[in-house]
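# What the coordinates show
Listed below, chain by chain, are the residues.
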Amino acid sequence: MVKIWNMENKEEQHSFGGHTGTVTSVKLLDSIENRRLENVVDDLPEGCQLALSSSLDCSIKLWCISSATMVRSMYTYNPVTCMGYFPGVGYIVSGSDGGKVELWDIESGNNLFSTLAHDSVTCIWVDGSHAFTGAEEGIIKVWELREKSLVTLYSSENIELAPSRKLSVEPVKCLTSFNQKIYYGNDGQNIKVLSWKAGKLTKLKNHTSDFGLTDSVAVKDGLLISTGLDVDSGNSFVNVRVLPEEIYVATVTDEDVGRIVKIAISKNSEGTLRLVTVGSELIVWDLERQKNRNPESISIEFISSLSTKACDTDQDSDSDVSSDEDYGSIRTQRRRSSTNSTKQNPSWSWCSVI
């Protein structure tokens, strides 16, 4: 099921029940793309706000939010685990649990390109004319859109961390890109930074302990946002860095937040940062200005050890990375600001809107 929320009044606006399997990705199209598609997609209502969704039911669907109707359904023959979108040309790129990377035309609903690229595709990110795919086998591939096809530019399977050691085979859980760098997370405590043109891998600290999970990363307006999970407490947190310097600036925390599996970034009506996180709950985090501070606001902390360099050993996992401080001692070295969070009813969520 796909649910649409109005964040001004914090109420559910629509609920679309067209999928028969788990919904894995949702993509809201911007106003420019909405206007462009009005002229090319048949029977599209004027002024329609469009959204795409993908599912394990082997389908990708196009929705008109304003009229609460399904515009088009594309049968993919494979369960879709993730999805991206090329604006301007109207092409959808999808990944399947069988490892296929495919290209679809939103105007006609036709399949334009299909290839067996991975064992199982876990995540997709589109940036300009490039698509980035991550996989269960730990491989990342970079694709370029050329006419109605995708061409492989790079595969991480041949990258060398040190003599006789290759890139970790841990599943890639999430990825994003900025300035020819791929930022991705897996079942480790660090964010991995892959300069794919140079073939160089570095790491950024995302946890204060030796163990943790990086489930989601996102980039917007020069900020790198990442989620982390404290495996001891079961609570998640959000780290913020400034790009391209990759400087750590803050951590957003709440003791009541369980595991976060996806995050998206936008701005609210006041122009301040808004984070949308999903997991066991849908939570909207609004960064408040000091004059508007709410007594129930969530803390923004500065954790000093996250601003230090991550250990980059010869090992292909994060098990050798250690911290000089534990979380308890770090909490006394933080700076505080505030955010306001809005929680929706608990229900395990697998995807978030971008």
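Further up the page is the structure itself.
Anyway, here's the lowdown on the structure attached to this text. As the structure is a prediction and not an experimental result, all values here were calculated from the model. (Residues numbered from 1 in each chain as written. Predicted model: local features only at pLDDT ≥ 70, side-chain atom pairs only at ≥ 80, totals over all residues. Heavy atoms only, no water.)

Take the sheet that holds strand β7 (residues 80–86) next. Spatially, the four strands line up as an open sheet ordered β7-β8-β9-β10, and their pairing is antiparallel. In this open sheet, the two edge strands, each paired with only one partner strand, are β7 and β10 (111–116). Each strand axis lies, on average, 15° off the axis of its neighbour in the sheet, ignoring direction. Sheet analysis places β7 next to strand β8 (residues 91–96), joined by six bridges and oriented antiparallel. Bridged to Tyr-85 within β8 is Ile-92. (Pairing = 2+ DSSP bridges. Helix = DSSP H or I, 4+ residues; strand = E, 2+ residues; numbered from the N terminus. Axes fitted to C-alpha atoms, helices over the stretch in contact; angles between N-to-C directions.)

Moving on: the pairing of strand β22 (residues 223–229). Burial runs high along β22: six of the seven residues are buried. By the bridge criterion, four bridges tie strand β21 (residues 217–220) to β22 in an arrangement that is antiparallel. When the sheet's bridge partners are listed, Val-217 is paired in β22 with Ser-226. Where β22 and strand β23 (residues 236–242) come together, seven bridges link them in antiparallel fashion. Across the sheet, the residue bridging to Leu-223 is Val-242, located in β23. Counted between consecutive antiparallel strands, the loop separating β22 from β23 contains six residues, among which Gly-234 sits at a positive phi close to 80°. (Buried < 20%, exposed > 50% of the residue type's maximum accessible area, 1.4 Å probe, protein only.)

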